[in-house]
Number of protein chains: 2
Amino acid sequence: MYFEDYQVGQTSKFGAYEVTESEVKEFATKYDPQFFHLDDEAAKDSLFGGLCASGWHTGAMFMRMLIDNLPAEHGSLGSPGINNLKWLKPVYPGYILSVKGLVTECRLSKSKPGVGLVCMSYEIVNQDDLTVMSLESNAFFRCKKS
Amino acid sequence: MYFEDYQVGQTSKFGAYEVTESEVKEFATKYDPQFFHLDDEAAKDSLFGGLCASGWHTGAMFMRMLIDNLPAEHGSLGSPGINNLKWLKPVYPGYILSVKGLVTECRLSKSKPGVGLVCMSYEIVNQDDLTVMSLESNAFFRCKKS
């Protein structure tokens, strides 16, 4: 996928990431050691009602699904940032996450020759199509060599 | 820190997270396997000019600094989301990251009794005060028991 392969209005659906209790706790131990990500019993009394993944972990799992969805040959050059990241629902162990994408804008970079910016709106959903996270992401892609 | 401990205009500076090459590669292997996070040589030819941390990894390191900065007794209840996350500069191994925070808004939740929302603007800087990431974050905090 290079810049020219993206067009406004394109949609995509991909990914099947199984959220496991061991990975939730491993990520939280390193990066987000709050009780509702670490302690099954105590998490029941939290706002989330049970042990759930760190929001940053959900972001990381989303990223992994993005990468796995790219073909071996691609022009992805990284991202300058994201907007309106919403953690809408707790992500519990046992969920199978997938991604719904919509291309909202495509434009050539003014400062980087041969590079374009693709803006996407994403929803991360569970196996019952419940949206657990949403965000708008920008990503740089190389143009095809002409 | 409970809801009442936060006031608009309060600033804070905390954290000293050393970015290591092994951790950059470990995170990227799991969640963001792009060559500029994994391959020292190939990364030199990327937009980033060298091996650098996944943006989601920088977010996770920021989260860890936030948690380590909370006192043992605190009222943090998690976050509904973030806005305007910008990955401004590559985060290279060897950087020591820290966080600068500014409280921008405090208000009681309408739907959750005894809970308040604190809005913060954050900059993540390296040891030379170069801002590598910025974001606006919302977080729920419990009110003090009266």
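As annotated in an unreviewed UniProt entry, chain A is MaoC domain-containing protein from Glaciecola nitratireducens.

Chemist: Got a minute to help me understand the interface of chain B and chain A in this structure?
Modeler: Buried accessible area, meaning the area lost when the parts come together, often serves as the stated size of an interface. On the chain A side, the residues contacting the 37 residues of chain B number 37 residues. Across the interface of chain B and chain A, roughly 3200 Å² is buried in total on both sides, 63% from carbon and sulfur atoms. For chain B, the biggest contributors to the area lost against chain A are Tyr31, Leu47 and Trp56 of chain B; these three give 26% of the whole. Applying the counting rule to chain B against chain A returns 2 salt bridges. Salt-bridge contacts for Glu26 of chain B lead to Lys30 of chain A; the nearest nitrogen and oxygen are separated by 2.6 Å.

Chemist: So what exactly am I meant to see when it comes to the pattern of salt bridges here?
Modeler: All names here are of chain A. Taken as a whole and judged by the stated rule, the model has 16 salt bridges over all chains. When the shortest N-O distance is used, the salt bridge between Asp40 and Lys25 registers 2.8 Å. You can see Asp40 sitting in helix 3 (residues 40–43) and its partner Lys25 sitting in helix 1 (residues 21–31), a full 15 residues away along the chain. We classify Asp40 as partly exposed; its relative accessible area is 29%. One continuous salt-bridge network, built from bridges that share partners, spans Glu21, Lys25 and Asp40.

Chemist: I tried to follow helix 1 (residues 21–31) of chain B on my own but got confused; where do I start?
Modeler: In an α-helix there are 3.6 residues to a turn, and that puts residues three or four apart on one side. Those residues of helix 1 of chain B that fall on the buried side of the exposure criterion are Glu23, Val24, Phe27, Ala28 and Tyr31 of chain B. Along the axis of helix 1 of chain B, the buried positions cluster into a sector of 130 degrees, meaning they face one direction only. The inward-facing, buried residues of helix 1 of chain B contact strand 1 (11–18), helix 1 and helix 4 (55–68) of chain A together with strand 1 (11–18), helix 2 (35–38) and helix 4 (55–68) of chain B.

Chemist: I would appreciate a short explanation of the nonpolar core in the present structure.
Modeler: Generally speaking, a soluble globular protein has its nonpolar side chains buried in company with each other. Core analysis: the largest hydrophobic core is formed by 78 residues, its most contacted members being Trp56 and Leu97 of chain A together with Trp56 and Leu97 of chain B. Every residue in contact with Trp56 of chain B, bar those within four places of it in the chain, is listed here: Trp56, Gly59, Ala60, Phe62, Met63, Ile82, Leu85 and Leu135 of chain A together with Phe27 and Trp87 of chain B.

Chemist: Looking at this structure, how should I read the packing of helix 1 of chain B against helix 4 of chain B?
Modeler: Angle between the axes and distance between the axes are the two parameters that describe a pair of packed helices. Residue and element names in this part refer to chain B. Look at helix 1 against helix 4: their axes get within 9 Å of each other, and the N-to-C directions meet at 115 degrees. Relative to helix 4, the crossing made by helix 1 is right-handed. Here helix 1 contributes Glu23, Val24 and Phe27 to the contact with helix 4, which in turn contributes Trp56, His57, Ala60 and Met61. Class assignment of the residues belonging to the contact of helix 1 with helix 4 gives a composition of 5 nonpolar, 1 polar and 1 charged.

Chemist: Please explain the relation of the copies chain B and chain A as it appears in this structure.
Modeler: Superposing chain B onto chain A requires a rotation of 180 degrees together with a translation of 0.0 Å along the rotation axis, leaving an RMSD of 0.0 Å. Expressed as a symmetry operation, the mapping of one chain copy onto the other fits a two-fold axis. When C-alpha positions in chain B are compared against the rotation axis, the closest is assigned to Asn83 of chain B, at 2.6 Å. Both copies present the same face, since 100% of the interface residues in chain B are matched by interface residues at the equivalent positions in chain A.

Reading guide: rules and limits
All residue numbers refer to position in the chain's written sequence, counted from 1. Chain letters start at A and ligand numbers start at 1, both assigned in the order the entries are written. For this predicted model, a pLDDT threshold of at least 70 governs which residues receive local features, and a threshold of 80 or more governs which side-chain atom pairs are given and counted, while totals over whole chains, interfaces and linings are taken from all residues. Hydrogens and water are ignored here; the side-chain numbers use all heavy atoms of the structure. Working rule for contacts: check all heavy atoms of both residues, and any pair within 4.5 Å makes them a contact. Buried area is a sum: the accessible area each of two parts loses on coming together, probed at 1.4 Å, counted once for each and added. When a carboxyl oxygen of Asp or Glu is within 4 Å of a side-chain nitrogen of Lys or Arg, the pair counts as a salt bridge. Numbering goes from the N terminus for both helices and strands, where a helix is a DSSP run of H or I of at least four residues and a strand is a run of E of at least two. Whether a residue is buried, partly exposed or exposed follows from its accessible area with a 1.4 Å probe, protein chains only, as a fraction of its type maximum: under 20%, in between, or over 50%, in that order. In this description, the arc belongs to the directions extending from the helix axis to the C-beta atoms. Think of a nonpolar core as a cluster: buried Ala, Val, Leu, Ile, Met, Phe, Trp, Tyr and Cys residues, connected wherever their side-chain atoms sit within 4.5 Å. Axis definition: a line fit to C-alpha positions, over the contact stretch in the case of helices; interaxial angles, taken between N-to-C directions, run 0 to 180 degrees. Take the far helix as the reference: if the near one is turned anticlockwise from it by less than a right angle, the crossing is left-handed, and if turned clockwise, right-handed. Residues are sorted three ways: Asp, Glu, Lys and Arg are charged, Ala, Val, Leu, Ile, Met, Phe, Trp, Tyr, Cys and Pro are nonpolar, and all the rest, Gly among them, are polar. A least-squares fit on C-alpha atoms brings the copies together, and the residues used are those whose pLDDT is at least 70 in both copies.

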